[in-house]
Structures are given as C-alpha cells and as structure tokens.
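Next come the chains, spelled out residue by residue.
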Amino acid sequence: MSLAKAESRRLFKRRFTSLILIGVMLVLALVAAGTFLSNQKATPERIAEAKAQAAASFQSAVQEAEREKKRCLAAPGTPDAANYPADCTQMWTPTPEEFDYTWYMPPTFDMRQNFPDMIMVFAVVLAAAAFLVGASFVGSEWHSGGMMNLLLWRPRRLQVLGTKLTVFLGWFTGLTLLLGAAWAGAFQAIALLRGSTEKMTAGVWQSFGLTGLRGLGLILAAGAIGFALASLGRHTGMALGALIGVGAVQIGVFIMAQLGGAAYPEAYLGPLWAYAWMVKEVPLENMSSCDFSANGGCKPEIFTMTWQVAGTGFAIVTVLVVGAALWALRRRDIS
Amino acid sequence: MVRRMTAVLEISGLRKTYRSRKGVRNALDGFDMVVEAGQVHGFLGPNGSGKTTTLRTLLGLIRPNDGRMAILGQEVPRRLPQVAGQVGAIVESPQFFGNFTAKDTLSLLADAGNVNRSRVPAVLDLVGLRDRAGERVKTYSLGMKQRLAVASALLKEPKLLILDEPANGLDPGGIREMRTLMRDLSASGMTVLLSSHILGEIQLICDSVTIISAGRRVTSGSVAEVLASHTSGAVRVRLEQGGDLFGAAQVLREAGAQVTLEADYMVVGNASNPALITRLLAQRGVYVSELTPIAADLEDVFLELTGTAPVEGQNRQVDESALGAGRNGWGQ
Ligand SMILES: Nc1ncnc2c1ncn2[C@@H]1O[C@H](COP(=O)(O)OP(=O)(O)OP(=O)(O)O)[C@@H](O)[C@H]1O
Ligand SMILES: [Mg+2]
C-alpha cells in the first residue's frame, strides 16, 4: 500500500503529467466551445425564417425555370438550339419538396445523432494522453536511474512495476470517468442550448454509456502499451519510436496487401481496428470481387469488422506487450 | 571483553559472467568476502576488478551465475525483500530523477519503503544539503548528488550500509565529514561496507579490508593484519661500521635480491625471509647492524597484490591486474 501511495504521489508530482492533463482539458474545451459556437438551436422563429428562405428559393427557381422554358421554345432555328432539348416539356421544373427548409437551417446539435462522434473524439484524445503519460511515467524513471534506486528499497521487481502500472491505470480510469461525465454534461448542455435532446431515451443513454466504456478500454490499452514499451526500452522515447515504427510498418503492409491483391487491405490498419471497436461494426468492401445479382448489378463482397474481433485483437496485443515488459524486467540485469 | 564476531555479510564462490557478442567476460570468478558486524570494511580493487558488480549482485540488481550470499544471516537474493529494509545502499555514481527536488526524492523513497517522512529533513541536514533541499536535483553538482545519495542510504536507519565510492566527487571537507560520519555510524552499531580508491582514507577509517583483483579475493582481514602480512618484504639493511655496503649488495643481488643502495644503508625489496640476508652476509664476514622491515602502507600492499603498480615505459591496461602477484617473494 505504501508503494502505491508513493507512486500516486510521484505520478502527480511530475510536470509532464500535469502538462499533458492541462493539454487534454484545453483540447476538450476547444472542441466543446467550437461545437457550441457553430451550432444553433432550431427555434420557431428560425424555422419560420428557414421556411421563408426555402419558399423564396423555390419561387426564384420556378421563375428561372419558366424563363428557360421560354428560351427553349424560342430556340429552334437559332444557334441557341443546341443548348436545349427538342422537347421543352421535358425540362426540369422545381417542386417544393426539392426545397426542404432544413437545408436553410444553421447546423444544430442533435444529442442522439452527434454525441457518439464526440465520444470518439474524447476517447482518441485521452488515449493519446494515456500513451504519453504512461510511457514517460516509467520511461524517465528508468532513464534517470530512479527505478534502480527504488529497487534498492523494494527488491520485488514485478511488484514494483505492477504497482506502478496499476496506480497509473487506476488514476486514468478515474480521470476518464470524471472527464467523461463532464463531457456528457457539457454536450447535454450544448444540445439543450444549441440543438435538441429529442428522442434521448434511457436506452440511448445506455448505448452512450457502453460506447464510453469501450472508449475507456481503448484509453487503458493505450496507456498500458505506452507504459510497457517504455519499460521494455527503459526510455520514454522507445515507446514513441515503437509507435512510429509500427505506423511505418502498417503503411508498408497496407501497400503490400493492396499490391498483393488481398481482399481487405484496410483490415491491416490498426486505427481501423480502433474505429471498429468504438463504432461496433465497420463494413469493408472487397473492391475486386463481384457478387452479381439480377436486380442490384455488381455488388462487392462485404467483410464486417466487429467490435468483438477488434477488441480481442487489442487485448492480445496489450497482454503480449505488457507480458513482455514484465518478463524482461524479471530477467535482466539492472545497471 | 570478548567481542563475538558475527558476519553481517557473507559471500562465497560468487561468479558473474557477462556475455556479449564480443565474447564472455568473467567479472566475478569465485569471489569470497566476509564482513563482521559493527565494522567499517573497506572494499578495494583496481578498475574493472568487480567491486560494483559484487555490490549490485548483493543488492539484487544483477543475477549471479553461481555462488552464495547472505546479508544479516538471510540468504540473498531469495530473502532480499525481507532484509532490504535494513540495508542502505548507494551504487556507483547514483542518479535521481532530475526534475524532483531532493526533499521530494527522499520523501517518495520514504513512502515506498515505509519509513517515516519526518526523517527526511534530518538526513538532509546530516549530509549538509539542508539549505538546498528544495532545489531540483538536476541543478546539483556531482558532490551534491553524492551527498543526496548518502542521505537516501541513511534514510532507513540501516543495520548495514553499503557505499560504492561515496567519496567520488566530494570536496576535502566533505571527505573528512564522511570519515567522521562513518566513525559515528560504526560507533552506533552500524556495519559499513565501503568501496573506494582513496586508500589513505580507507586506512584511516576501516577496521578491515577485502582486496579484489580480476574478480577474485586476493587478501582480506583487519587493516593491521593485511599490512603486517604483506609488508612486501622490503627491509632496510645497515651494516656495522666500516662494512662494505657495495660488496654486500653485490652478494645479495647474486642471490636474487632486489637491492637499492642508499647513502649509508640499502633496501632489499623482496626479502620475504630476512634471516637469509644475515646468513648470506655473515658467511662473507659482513655483519648486519640493523634489519628493519619497512612498514608498507595500504597503497603498497594494494599495488603489490593486484599487480597494478605503474611500470616505467608501459601503459598498463585496465584488465592487466594480477591474481596474487608478488606473493612469491624471494627467499621463501
Ligand atoms: N553490463 C556489463 N556488461 C558487460 N561487462 C560488464 C558490465 N558491467 C561490468 N562489466 C565488466 O565487469 C568487470 C567488473 O566491472 P565493475 O564495474 O564491477 O568494476 P569495479 O571494480 O567497480 O571498477 P571501478 O573501480 O572502475 O568502479 C569489468 O571488466 C567490466 O567491464
Ligand atoms: Mg565500480
């Protein structure tokens, strides 16, 4: 317990931690403020205004169409004839349906429709922060020799590294829950002020909650992987290097898969897995296949990446990397 | 009063092999050491002889290939977690996370090790860092970092204090303070194991020493014993009035002695059996009036045993140290 207490203190004494946390808050605040400013509530006046605008546009479109039709009728025999069809009744005449007033409305924030994207933004920002803080938390300890000093006090290496990781993930879970609640609250307020909270049933909230939990999973996995990579390489930079390396390899593999004619080259991209994990399903199309059907013509084969598959993949990678970090620590000489 | 000797630290047959692409290096090659309770024990050896490797192994940072070690009667590394709280240690050129202050660094260690944080100001004061305790460690000078390391080792009020070159970077005042500190700690019942290259210092503060060379112990014992048994055999020989110093030197040289002539005496460098000198000279009718062993200091013993004395016109390389060199003196 004393070790956990010390590690908590250490985590929050670090300037890097506070710097990243301030950065996270700033980014989130900017996104929320931007959303607030770019959306407007659909008040009856605004709807009336939009309807008037739609009607006016419809009128001017009708008038324009009339003028065109007249020119068309007058055209035969003149050089202008090439610009018009032979049968002038075939020309486009606007209908009122084509001038839906909603197009004349300023953007409005619909909680039910738009909040899932915001959960995604939140998860990505916090996952990046968790990766960095996790990597630096253990990386700079190794690099500075602080880890060695600590091991002179607490010789059980796995316990030391495990406690560090647990403390860090624990605090990030708390932080995610806290910020997540604030995030949902902020957008609920934005929806109330600058949009609508229509059809926000308990079921919708529950679905948001589940998406949020998957986001938490993503954040913790990113944190654990950053931590483990930095511990493996005994340097914060190692985690970043590994990230860049994996990114480069991914692009290479993606290109090779495309050239090699693999059915679903996108499936080799890590971010797509993260995306699938968050949105539950991503359909991938096999562009080179043709599933012919009489009425639909040529339809490509579809492979659906599900959140279960993506989640299992992430879990395996996380367990492998963390396991490797613990294994390496158990075995190696520290000097 | 009979002082019962109990070993606070025992090492036997310790072996550590570093493997790399360049080959295999035996850093420790069957090393033995015993440190008795309440002593200040000096740990000496040339560069690269395995001192730091020994101490790291003892502290569980390095896995040995073979050998047994015990601290305070507990076998390590198996029972290291149980004894770690009683062992304060600094290993070679200690480093700390640079962005924390000395006070934070120590209080975090205190928390991690279940030590009362209130000891932090006390140990910082003890090592002379009280007024700089609130500054970040990366702004410290070498000696200040070293003092901080000593403070961290003292924080848990250890029974055994292991210090790898604690005087490294200390100013003369600091070295003297360290000397007094060691004495006080030892007087309070603490056992201190001290590695250092400052042999004058070791001779002043240590009760006993172990000398290591090329990963093996070449000698150990109380400082007096080590000095006595390894006087390097040098004796000062004075002849009776009117004796032929030059002729006598010739006689001894012919018998294989290393003789240095001085104005009215000569020094026989490798006389491990001084009686032989009197016998040889008496046979020629030359009589010795003085035959005094020249008191060697620790430095002489060290250089002799480790075979690292500088030789004119040669640049000694780090791994050129000897195992038991000089032990086979002339006349044995
Ligand atoms: N990590 C390592 N990998 C390979 N060889 C090593 C390693 N650490 C130490 N050695 C080798 O082990 C031997 C003993 O080194 P050690 O650091 O124990 O010497 P030392 O007695 O502390 O020397 P010094 O007086 O210079 O501090 C040296 O030859 C060194 O090169
Ligand atoms: Mg050393």
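Here the structure is a predicted model, which is why all the values come from computation and not from measurement.

(A) A look at the pattern of salt bridges. This model, assessed by the stated rule, comprises 25 salt bridges over all chains. Residues Glu201 of chain B and Arg179 of chain B are paired through a salt bridge, measuring 2.8 Å at the closest nitrogen-oxygen approach. Placement of the pair is Glu201 of chain B in helix H7 (residues 199-205) and Arg179 of chain B in helix H6 (residues 172-187), with a sequence separation of 22 residues. Like Arg179 of chain B, Glu201 of chain B is buried. One connected set of salt bridges, linked through shared partners, spans Lys5 and Arg9 of chain A together with Asp111 and Arg117 of chain B.

(B) Layout of the site of ligand 1. Residue and element names in this part refer to chain B. Inspection of the region around ligand 1 gives 14 residues, with Gly48, Lys51, Thr52, Thr53 and Glu92 positioned closest. Contact with the protein chains covers 69% of the free accessible surface of ligand 1, which is 630 Å². Elements supplying a minimum of two residues to the shell around ligand 1: strand S2 (23-36) and helix H1 (51-58). With three residues, the top contributor of residues to the shell around ligand 1 is H1.

(C) Region of interest: the domain arrangement of chain A. On domain assignment, one finds that chain A holds domain 1 (3-38 + 109-331) and domain 2 (44-104). Once you take the C-alpha centre of each, domain 1 of chain A and domain 2 of chain A turn out to be 51 Å apart.

(D) Representation of the interface of chain B and chain A within the structure. At the junction of the two partners, chain B supplies 34 residues and chain A supplies 30 residues. Summing both sides of the interface, chain B and chain A together bury roughly 2,700 Å²; the carbon and sulfur share of this comes to 58%. Viewed at the interface, chain A and chain B are joined by four salt bridges. Here Asp104 of chain B and Lys13 of chain A are joined by a salt bridge, their closest N and O atoms 3.2 Å apart.

(E) Structural view of the coordination of the magnesium ion (ligand 2). Residue and element names in this part refer to chain B. Protein coordination at the magnesium ion (ligand 2): the donors are Thr52 (OG1) and Glu92 (OE), at 1.9 Å from the metal. In this pair, Thr52 sits in helix H1 while Glu92 sits in the loop between strand S6 (87-90) and helix H3 (102-112), placing the two residues 40 residues apart along the sequence. Classification of Thr52 as buried rests on a relative accessible area of 13%. Since its relative accessible area comes to 32%, Glu92 is described here as partly exposed.

(F) Representation of the environment of Ile162 of chain B. All names here are of chain B. Examined against the element boundaries, Ile162 turns out to sit in strand S7 (residues 160-164). Its relative accessible area of 0% is what places Ile162 among the buried residues. Considered as a pair, Ile162 and Gly174 are twelve residues apart in the sequence and their alpha carbons are 18 Å apart. If we ignore the near neighbours within four places in the chain, the residues touching Ile162 are Leu55, Leu58, Leu59, Val87, Gly88, Ala89, Ile90 and Leu193.

(G) How the structure looks around the pairing of S2 of chain B. Residues and elements named next belong to chain B. The sheet contact formed by strand S1 (residues 7-20) and S2 spans eleven bridges and is antiparallel. Opposite Arg15, over in S2, you have Asp29 as the bridge partner. Hairpin connection, S1 to S2: the antiparallel pair is bridged by two residues.

(H) Focus on the packing of aromatic side chains. All names here are of chain A. All told, the structure shown has 15 aromatic pairs over all chains when counted by the stated rule. Measuring from centroid to centroid gives 5.2 Å for Phe115 and Phe208, while their planes differ by 55°, and the two rings are tilted. Here Phe208 lies in helix H7 (residues 202-233) and Phe115 lies in helix H4 (residues 111-144), a separation of 93 residues in the sequence. For the pair shown, Phe115 and Phe208 are each scored as buried. Connected via pairs of aromatic rings, a cluster forms that spans Phe109, Phe115, Phe122, Trp183, Phe187, Trp205 and Phe208. One Lys or Arg, Arg332, reaches over the ring of Trp142 and ends 4.9 Å from the middle of that ring.

(I) Examining helix H3 (residues 44-74) of chain A more closely. A rise of 1.5 Å per residue sets the reference length of H3 of chain A, with its 31 residues, at 45 Å; its end C-alpha atoms lie 45 Å apart and thus fit the reference within 8%. Among all positions in H3 of chain A, only Ala50, Ala54, Phe58, Ala61, Ala65 and Cys72 of chain A are buried.

(J) Broad picture of the UniProt feature "transmembrane region" (unreviewed entry) in chain A. Residue and element names in this part refer to chain A. Annotation from UniProt places "transmembrane region" (unreviewed entry) at residues 16-37, 118-139, 160-193, 213-232, 239-264 and 309-329. As a span, residues 118-139 carries 100% helix and 0% strand, and end to end its C-alpha atoms are 31 Å apart. Helix makes up 100% of residues 213-232 and strand 0%, whereas the separation of the span's terminal C-alpha atoms amounts to 28 Å.

(K) Highlighting unusual backbone geometry. All names here are of chain B. With an omega dihedral of 5°, the bond running from Val76 to Pro77 counts as a cis peptide bond. Tracing the backbone shows Pro77 in the loop between strand S5 (74-76) and helix H2 (80-83). With a phi close to 60°, Asn114 is a non-glycine residue in the positive phi region. Mapped onto the elements of the fold, Asn114 is located in the loop between H3 and helix H4 (119-126).

(L) Local environment of the sheet that holds S1 of chain B. All names here are of chain B. In spatial order, the strands read S2-S1-S4-S5; together these four strands make up an open sheet with antiparallel pairing. Of all strands in the sheet, those with a lone pairing partner are S2 and S5, marking the two edges. Between one strand and the next, the sheet's axes are offset by a mean angle of 25°, whatever the strand orientation. Sheet strands touched by H1: S1, S2, strand S4 (66-71) and S5. Its angle to S1, the strand with the most contacts, is close to 110°.

(M) Up close: the side chain of Ser144 of chain A. For Ser144 of chain A, the location among the structural elements is in helix H4. Of the residues examined, Ser144 of chain A reaches a relative accessible area of 14% and is grouped as buried. Reaching out from Ser144 of chain A, the side chain makes a polar contact with the backbone oxygen of Ser140 of chain A at a distance of 2.9 Å. In this structure Ser144 of chain A touches Gln95, Phe96 and Phe97 of chain B, once residues within four positions along its chain are discounted.

Thresholds applied
Residues numbered from 1 in each chain as written. Chains lettered and ligands numbered in written order. Predicted model: local features only at pLDDT ≥ 70, side-chain atom pairs only at ≥ 80, totals over all residues. Heavy atoms only, no water. Salt bridge = Lys/Arg side-chain N within 4 Å of Asp/Glu carboxyl O. Helix = DSSP H or I, 4+ residues; strand = E, 2+ residues; numbered from the N terminus. Buried < 20%, exposed > 50% of the residue type's maximum accessible area, 1.4 Å probe, protein only. Near = heavy atom within 4 Å. Areas by Shrake-Rupley, 256 points an atom, 1.4 Å probe, with all protein chains shown as cover. Domains from an automatic or database assignment. Contact = heavy atoms within 4.5 Å. Buried area = accessible area lost by both parts, 1.4 Å probe. Donors = N, O, S within 2.8 Å, 3.2 Å for Na, K, Ca; no water. Pairing = 2+ DSSP bridges. Phe/Tyr/Trp six-rings, centres within 6.5 Å; stacked < 30°, edge-to-face > 60°. Lys NZ or Arg CZ within 6 Å of the ring centre and 35° of its normal. Expected span 1.5 Å × (residues − 1). UniProt positions renumbered as here; feature names shortened; annotations may be inferred. Axes fitted to C-alpha atoms, helices over the stretch in contact; angles between N-to-C directions. Polar contact = N/O pair within 3.5 Å; in protein donor to acceptor, adjacent residues only side chain to side chain.

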